[in-house]
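Letter by letter, the chains look like this.
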Amino acid sequence: KYISDRQYQGGEIPVYGEGLHIELAAEDGGAGVQDIYLSINGAPFRPYRGTLTDFTRSRELRLRFYAVDRVGNASPVQEQRILIDVTPPTTAIGLDGVRDLEVYSPSVTFSLSGQDSPAGLRAIVTRFDDGPSSEYRKPVTINDLNDGPHRFSYHGVDRVANEEEIHSFQFY
């Protein structure tokens, strides 16, 4: 059983984010379960001894496991693959229009792009000054801003809630 509030099932292999816990359990109606054995990424099978929680880097995991009852009967080996994504997305900005250092004409537009793997980019969040945040959908214009200094901030968020550090710059 996979326990995480940060998961995305968009492709063949489910993707899990930070905070993942993996628990294995088995039942045997006869003699009872003696042990569960686990192999991670081709390592030798070892007795499973409790919840797995040490997922601190992004990678693919191939989990193979089986159970043995008290009289030595083994269940078939089961296999599951999952992706761990603990890496935030990356975003980039492009500026188009007339500008001189930090002084921008009202015709300037901000175009944003982002990428993330393996979960994929969910959104790019933008914000002017201390105003409300909004999801980026199309190039951002500044022609409606009052004359004066402004700050534009943006960052990416992936499908398992990893957030990039906020990028911010000032302009006039």
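Residues numbered from 1 in each chain as written. Predicted model: local features only at pLDDT ≥ 70, side-chain atom pairs only at ≥ 80, totals over all residues. Heavy atoms only, no water.

Engineer: Got a sec to walk through the sheet that holds strand 12 (residues 109-115)? Specific residues and values, please.
Structural biologist: Within the open sheet, the three strands sit side by side as 9-12-15. Their pairing is antiparallel. The open sheet has two edge strands, strand 9 (90-96) and strand 15 (140-141), and neither has a second partner. Sheet analysis places strand 12 next to strand 15, joined by two bridges and oriented antiparallel. By the bridge assignment, F110 is partnered in strand 15 with V140. (Pairing = 2+ DSSP bridges. Helix = DSSP H or I, 4+ residues; strand = E, 2+ residues; numbered from the N terminus.)

Engineer: Describe the sheet that holds strand 16 (residues 150-158), listing the residues and the values that go with them.
Structural biologist: Overall, antiparallel pairing links the four strands, which are arranged 14-13-16-17 in an open sheet. In this open sheet, the two strands that pair with only one neighbour each are strand 14 (134-135) and strand 17 (167-171). As judged from the two bridges shared by strand 13 (residues 121-128) and strand 14, these two strands associate in the antiparallel manner. Considered in strand 14, the bridge of V125 is made with E135.

Engineer: I'd like a rundown of the environment of R137, residues and numbers included.
Structural biologist: Counting through the fold element by element, R137 comes out in the loop between strand 14 and strand 15. Separated by 123 residues in the primary sequence, R137 and P14 place their C-alpha atoms 26 Å from one another. Side-chain polar atoms of R137 contact the side chain of E135, separated by 3.3 Å. (Polar contact = N/O pair within 3.5 Å; in protein donor to acceptor, adjacent residues only side chain to side chain.)

Engineer: Would you mind going over the side chain of S4 in detail, with residue names and values included?
Structural biologist: Summarising the element assignment, S4 is placed in the loop between strand 1 (2-3) and strand 2 (7-8). For S4, the side chain forms a polar contact with the main-chain nitrogen of R6, separated by 3.0 Å. Ignoring any residue separated from it by four or fewer positions in sequence, one finds S4 in contact with Y16, G17, E18 and L20. (Contact = heavy atoms within 4.5 Å.)

Engineer: Outline unusual backbone geometry, listing residues and values.
Structural biologist: Here the bond from S117 into P118 is cis, since omega is 10°, no more than 30 degrees from zero. Mapping P118 onto the fold places it in the loop between strand 12 and strand 13. Phi at D129 takes a positive value of approximately 50°, unusual for a residue other than glycine. Here D129 shows up in the loop between strand 13 and strand 14.

Engineer: Could you give an account of the pattern of salt bridges, naming the residues involved and the relevant values?
Structural biologist: Considering all chains together, one arrives at eight salt bridges under this definition. Of the charged contacts in the structure, one is a salt bridge between R49 and D35, with a shortest N-O distance of 2.8 Å. Of this pair, R49 sits in the loop between strand 6 (46-47) and strand 7 (59-69) while D35 sits in strand 5 (residues 33-40), and the two are 14 residues apart along the sequence. Linked by salt bridges that have partners in common, R62, R64 and E79 make up one network. (Salt bridge = Lys/Arg side-chain N within 4 Å of Asp/Glu carboxyl O.)

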